[in-house]
Amino acid sequence: MKLREGFKALVSAAYAALADICRHEAALTAYATDRGVFQQHVEYTVSNPAQKDVMAFCAAATGLIDTTRRILKRRPDIADEVSALIGRLFVDDLTAFVKDLRKNLSHGSVVVPGWMLQTDQTGTSGAMSFDSDELLAFGDWSASARKYILSASDGRIRVSKVANLYHKKIQDFSVGLDDVFSQNVSASERDFYDLEDEYRMRGQGQWAKILADQVGRGRDPYRYLHRFFKDEEVRAILRLPRHSKEQVDFIIALKGAEIRCDNALRDSLYRMFGAPTDDAG
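Values in this document were obtained by computation on a predicted structure and should not be read as measured data.

## Topic: the overall build of the protein
Then, in step 1: For the protein, the helix and strand inventory stands at 12 helices and three strands.
Then, in step 2: Burial analysis of the protein (281 residues in total) assigns 38% to the buried set.
Then, in step 3: The contacts in the protein between residues at least 6 apart in sequence include a share of 72% that link residues at least 24 apart.
Then, in step 4: Here the protein displays about 16300 Å² of accessible surface, and carbon together with sulfur accounts for 52% of that area.

And the structure:
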């Protein structure tokens, strides 16, 4: 569970870094309309933060695969399916480039991305990019990563393009991994979540009983249905006869996956809604 939570945290971190990279490029374009302001602000408000976010994106992207391998050590039963997913998404030149870029940035072998401006008929725009020649001159690259660098026709590798393309891989991998887990629930997972759900539902049940016995005493419960149920659920509740056991039982059923309702809580809810507490009543 902790490893899967760590995986999700890395997915979120990669997305946050991608969003910031795109914001930096938008700011770069905005500053480019005024060259005086551009020179004053570009380094501190765009370039330096962008460098940090590129490193963050590469670290999170690489960490995802490392975390997945740690997960598979505990779940060898799904290793073949997950390995096939990794092979389909992360065995290509782009992946090799992102992996080696993280290594080179962390070791100081490669300069952090710089900015570039482009003016055409539509106006002036800016982008954060790497110079291919500088990458090849100072970095340590695998053959696949070098192939990706050399594929840049203009000798510039735009950071946002790399991040967007790789983030699509991350999204597909995250969805695919969730699918694998959902179809291969282990016995220990079932046991763990049974215990967790029981603890949560009992706690919610105790809270609901306090609410019904003390907070709800003397109040009209129908005034507060909208605080605890969705609009469509409230409408369904009110279609049933008010103050009836049928209505209260329906309310209990709606919360059945969240609250452990024992006989004491059920009787408290009957009293709160003014429903009879026994069949004869």
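## Section: unusual backbone geometry
With the exception of glycine, most residues fall at negative phi, and the peptide bonds are largely trans.
Then, in step 1: Phi at His243 takes a positive value of approximately 60 degrees, unusual for a residue other than glycine.
Then, in step 2: The exposure class of His243 is partly exposed, given its relative accessible area of 42%.

## Let's talk about the packing of helix α3 (residues 79-89) against helix α7 (residues 159-183)
Then, in step 1: Contact pair α3 / α7: the axes reach a minimum separation of 10 Å and the direction vectors enclose 165 degrees. One finds that α3 runs roughly antiparallel with respect to α7. In terms of crossing hand, the pair formed by α3 and α7 is right-handed. Counting all contacts with α3, which are made through Glu81, Val82, Leu85, Ile86 and Leu89, the residues of α7 involved are Lys169, Asp172, Phe173, Gly176, Leu177 and Val180.
Then, in step 2: The class makeup of the residues in the contact of α3 with α7 is seven nonpolar, one polar and three charged.

## Quick word on the packing of helix α4 (residues 93-107) against helix α6 (residues 143-150)
Then, in step 1: Running from amino to carboxyl end, α4 crosses α6 at an angle of 105 degrees, the nearest separation of the two axes being 7 Å. Judged by the angle between their axes, α4 and α6 are roughly perpendicular. From α4, Asp93, Leu94, Ala96, Phe97 and Asp100 reach across to α6, where they touch Ser144, Ala145, Lys147, Tyr148 and Ile149.
Then, in step 2: Residues that form the contact of α4 with α6 fall into these classes: six nonpolar, one polar and three charged.

## Observations concerning a nonpolar patch on the surface
Then, in step 1: A grouping of Met1, Phe192 and Tyr193 is seen on the molecular surface, where their side chains present a nonpolar patch of about 250 Å² in accessible area.
Then, in step 2: Position of Tyr193 among the secondary structure elements: in helix α8 (residues 187-215).

## Points about the side chain of Asp53
Then, in step 1: Position of Asp53 among the secondary structure elements: in helix α2 (residues 35-74).
Then, in step 2: Taking the relative accessible area as the measure of exposure, Asp53 reaches 4% and is therefore buried.

## What to know about the packing of aromatic side chains
Then, in step 1: Going through the model one piece at a time under the given rule, you end up with nine aromatic pairs.
Then, in step 2: Summarising the aromatic geometry, the rings of Phe97 and Trp141 are spaced 5.6 Å apart at their centres and angled 15 degrees between planes, so their arrangement reads as stacked. Of this pair, Phe97 sits in helix α4 while Trp141 sits in the loop between α5 (132-138) and α6, and the two are 44 residues apart along the sequence.
Then, in step 3: Exposure remark for Phe97: the relative accessible area of 1% places this residue in the buried category.
Then, in step 4: In this structure Trp141 comes out as buried when scored by relative accessible area, which is 9%.
Then, in step 5: A network of ring pairs unites the aromatic residues Phe7, Phe57, Phe90, Tyr166 and Phe173 as a single cluster.
Then, in step 6: Looking at Arg4, its charged tip hangs above the ring of Phe181, at a distance of 3.8 Å from the centre.
Then, in step 7: Note that Lys255 overlies the ring of Phe229, its terminal NZ or CZ placed 4.9 Å from the centroid.

Parameters and conventions
Residues numbered from 1 in each chain as written. Predicted model: local features only at pLDDT ≥ 70, side-chain atom pairs only at ≥ 80, totals over all residues. Heavy atoms only, no water. Helix = DSSP H or I, 4+ residues; strand = E, 2+ residues; numbered from the N terminus. Buried < 20%, exposed > 50% of the residue type's maximum accessible area, 1.4 Å probe, protein only. Contact = heavy atoms within 4.5 Å. Areas by Shrake-Rupley, 256 points an atom, 1.4 Å probe, with all protein chains shown as cover. Axes fitted to C-alpha atoms, helices over the stretch in contact; angles between N-to-C directions. Parallel < 35°, antiparallel > 145°, perpendicular 65-115°, else oblique. Left-handed = near helix turned anticlockwise from the far one by under 90°. Nonpolar A, V, L, I, M, F, W, Y, C, P; charged D, E, K, R; others polar. Patch = residues over 30% accessible without salt bridge, like charges linked within 9 Å, V, L, I, M, F, W, Y side chains within 5 Å. Salt bridge = Lys/Arg side-chain N within 4 Å of Asp/Glu carboxyl O. Phe/Tyr/Trp six-rings, centres within 6.5 Å; stacked < 30°, edge-to-face > 60°. Lys NZ or Arg CZ within 6 Å of the ring centre and 35° of its normal.

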